Amino acid sequence: MTTSPHPLVARARRLADDVLAPYAERVDQEGMPMSHIEAVKRSGLLGMNAPQEYGGAAAPAAVARETAEILAGACCSTWFVQTQHHTPVLTLAKNASAVRERLLGPLARGELLSGVAYAHLRARPRTPVRVRRERSGWRFEGTVPWYTGWGLNDVVLLAGVTEADEALFAFTEARPQPGLRASQPMRLAALTASRTVSLELDGLWLPDSAVALRQPYDQWAAADRPRTVNTSPAVFGIAGAALALLDEDTAGVLRARVEKVRIQAYALADHPAPLEHLEERLALRTQAYELMRTATTAAVVAGGGRALTLAGKPQRLAREALFLLVQGQTAQSRRAHLNALRGSTA
């Protein structure tokens with residue numbers, strides 16, 4: 001007996017096969033066309049985690065992970081741009097606010113694409129972006145080191161720390177405006193097509209009606225921690241794409257190892273206590289990285305000299321794997337990975 005895939009999984013596969021994978025090497029070298037963004041918006045995948053009453057799918061976590069694997073394996077740049085969108089959707093879905101009623105529907109239906117500027121909150125004790133109360137709103141000052149999707153996104157969910165040590169998140173348009181200036185897109189070893197910039201905030205003022213979340217920093221950080229210790233599905237997507245380039249004798253052995261770690265990592269991601277088993281989660285994350293590295297290296301070896309041409313898929317996957325090693329990295333995850341690389345448990 002076979003079970004039909006979830007409709008969103010089927011849509012992700014069509015998007016990957018028809019739009020993303022055939023042009024992934026071109027996108028990697030030349031940049032992401034707006035036609036890719038429009039295809040993502042039409043796919044229905046942007047409402048994956050949104051409530052059904054707002055036009056979303058309210059899909060299970062397993063479906064979200066599988067679609068992420070599919071998209072990342074097809075074109076990691078496109079996956080990375082669209083994956084930013086899901087945090088703003090979940091933030092609005094979980095917190096009542098005026099901006100929720102204005103934006104959640106358009107975001108869930110794919111009418112708008114959102115980016116995020118909040119990873120700098122993890123830099124404590126440093127505070128790269130500070131927020132102070134002014135009139136009936138908030139004034140943002142500082143630098144967002146990394147912002148993905150500039151020129152592709154419609155809106156951005158921007159975060160900073162208030163004088164009362166609160167994490168405050170607010171929406172604004174993803175465009176130059178008084179108090180908000182973007183750098184030139186960064187040239188990266190991988191995912192340059194994702195149009196990543198830094199943002200300079202020089203007194204950007206946003207009204208109370210733009211605020212999506214405001215809570216004590218420690219409370220936000222505790223809820224954020226599982227994001228940085230669980231394994232990203234993109235890691236398994238890249239590994240799977242690399243394994244597909246190998247003969248079955250080699251791929252079969254590696255695929256079994258990847259699947260074992262995948263099952264364990266996802267079981268912990270679904271654990272009802274997200275802050276338990278942190279060391280085991282980090283260990284599995286590191287194991288997944290190493291298997292991804294092995295798979296992409298094997299694809300390069302199997303491809304020979306042709307694998308190193310810029311039109312070659314193996315070299316792109318190997319560079320994307322390097323990117324994922326540091327994507328979402330924290331001091332804790334960096335320490336765990338380096339300890340594993342040197343064979344230490346300290």
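Everything here concerns the structure above.
For every chain, the first residue of the written sequence is number 1, and numbering continues from 1 onward in sequence order. In keeping with the predicted nature of the model, local features appear solely for residues at pLDDT of at least 70, side-chain atom pairs appear and are counted solely at 80 or more, and the whole-chain, interface and lining totals rest on all residues. Calculated side-chain values reflect all of the structure's heavy atoms, with hydrogen atoms and water omitted.

Caption draft 1: Region of the structure containing the overall build of the chain. A run of H or I in DSSP becomes a helix once it reaches four residues, and a run of E becomes a strand once it reaches two; helices and strands are each numbered from the N terminus. What the chain contains, in helices and strands, is 13 helices and eight strands. The C-alpha atoms of the chain give 20 Å as radius of gyration, which agrees with the globular expectation for 346 residues (20 Å, within 12%). Principal axes of the C-alpha set define a box for the chain whose edges measure 65 × 50 × 45 Å. Only protein chains enter the area calculation, which uses a 1.4 Å probe; residues under 20% of their type maximum are buried, those over 50% are exposed, and those in between are partly exposed. Taking all 346 residues of the chain together, the buried fraction comes to 53%. Excluding contacts between residues fewer than 6 apart, the proportion of contacts in the chain whose partners are at least 24 apart in sequence is 73%. What the globule rule says is 2.2 Å times the number of residues to the power 0.38, and the radius of gyration is computed from C-alpha atoms. Whether two residues are in contact is decided by their heavy atoms: any pair within 4.5 Å suffices.

Caption draft 2: Quick look at the pairing of strand β1 (residues 114–117). What you see with β1 is no split at all: S114 and V116 on one side and G115 and A117 on the other are buried throughout. By the bridge criterion, four bridges tie β1 to strand β4 (residues 155–162) in an arrangement that is parallel. Pairing of A117 across the sheet is with L158, part of β4. Should DSSP find at least two bridges between two strands, the strands are taken to pair.

Caption draft 3: Main features of the side chain of R316. As for its placement among the helices and strands, R316 is situated in helix α12 (residues 313–326). We classify R316 as buried; its relative accessible area is 1%. At a separation of 2.4 Å, a polar atom in the side chain of R316 contacts the side chain of E25. The contacts of R316, once residues within four sequence positions are left out, are A24, E25, D28, A74 and C75. As used in this structure description, the phrase polar contact means that two N or O atoms lie within 3.5 Å; if the pair is within protein, one of them must be able to donate a hydrogen and the other to accept it, and residues adjacent in sequence are counted only when both atoms belong to side chains.

Caption draft 4: How the structure looks around the pattern of salt bridges. Think of a salt bridge as a Lys or Arg side-chain nitrogen and an Asp or Glu carboxyl oxygen that are within 4 Å of each other. With the rule as written, the count across this model stands at 23 salt bridges. The salt bridge partner of E101 is R100, with a shortest N-O separation of 3.6 Å. Relative accessible area serves as the criterion here: at 53%, E101 is assigned to the exposed category.

Caption draft 5: Molecular detail of the nonpolar core. Here, the term nonpolar core denotes a set of buried Ala, Val, Leu, Ile, Met, Phe, Trp, Tyr and Cys residues that are joined through side-chain atoms within 4.5 Å. W79, M292 and L324 are the most contacted members of the largest nonpolar core, which totals 60 residues. The contacts of W79, once residues within four sequence positions are left out, are A68, L71, A72, S232, A234, L324 and Q327. Counting residues in hydrophobic clusters, the runner-up holds 24 residues, among them A50, V99, L157 and W220.

Caption draft 6: How the structure looks around the environment of Q264. Within the fold, Q264 resides in helix α10 (residues 248–269). Judged by relative accessible area, which is 36%, Q264 ranks as partly exposed. Distance from Q264 to E280, taken between C-alpha atoms, is 9.6 Å for residues 16 residues apart in sequence.

Caption draft 7: Region of interest: the environment of K41. Secondary-structure assignment places K41 in helix α3 (residues 34–43). Judged by its relative accessible area of 12%, K41 is buried. C-alpha of K41 to C-alpha of E259: the two residues are 218 residues apart in sequence and 30 Å apart in space.

Caption draft 8: Molecular detail of the packing of helix α1 (residues 7–20) against α3. Helix axes are fitted only over the stretch in contact, all axes being lines through C-alpha atoms; the angle between N-to-C directions runs from 0 to 180 degrees. Following both chains from N to C, one finds α1 and α3 inclined at 165°, their axes separated by 11 Å at the closest point. Accordingly, the angle class assigned to the pair α1 and α3 is roughly antiparallel. Between α1 and α3 the crossing geometry is right-handed. Where α1 approaches α3, its residues R11, L15, V19 and L20 are matched on the opposing element by H36, A39, V40 and S43. Taken together, the residues that form the contact of α1 with α3 break down as five nonpolar, two polar and one charged. Should an angle fall under 35 degrees it is taken as roughly parallel, and over 145 as roughly antiparallel, whereas 65 to 115 is taken as roughly perpendicular and any remaining angle as oblique. The crossing is said to be left-handed when, going from far helix to near helix, the turn is anticlockwise and less than a right angle, and right-handed when the turn is clockwise. Charged means Asp, Glu, Lys or Arg here, nonpolar means Ala, Val, Leu, Ile, Met, Phe, Trp, Tyr, Cys or Pro, and polar covers whatever is left, Gly included.

Caption draft 9: Representation of the side chain of T87. When you line up the elements, T87 lands in helix α6 (residues 86–94). Relative accessible area serves as the criterion here: at 12%, T87 is assigned to the buried category. Side chain to side chain, T87 and R227 meet in a polar contact 3.3 Å long. Once residues within four sequence positions are removed from consideration, T87 is found in contact with V116, Y118 and R227.

Caption draft 10: Summary view of the state of the cysteines. The disulfide criterion used throughout: a pair of cysteine sulfur atoms within 2.5 Å. In this structure the tally under the stated criterion is zero disulfides. C75 carries a free sulfur, and the closest cysteine sulfur to it, the one in C76, is 7.7 Å from it.

Caption draft 11: Quick look at the packing of α6 against helix α7 (residues 98–108). The interhelical angle for the contact between α6 and α7, taken along N-to-C directions, is 135°, at an axis separation of 10 Å. By the criterion of interaxial angle, the relationship of α6 to α7 is oblique. Taken as a pair, α6 and α7 cross one another with a handedness that is left-handed. The segment α6 lies against α7, with V89, L92, A93 and K94 engaging V99, R100, L103, L104 and L107. Per-class residue counts for the contact of α6 with α7 are seven nonpolar, no polar and two charged.

Caption draft 12: Focus on unusual backbone geometry. With omega at 15°, the peptide bond leading from R124 into P125 counts as cis. Here P125 lies in the loop between β1 and β2 (129–134). Phi at A58 is positive, roughly 45°, even though this residue is not glycine.

Caption draft 13: Quick peek at helix α5 (residues 76–83). The buried fraction of α5 amounts to seven of the eight residues, a majority that puts the element mostly inside the structure. Taken together, the buried positions of α5 are occupied by C76, S77, T78, W79, F80, V81 and Q82.

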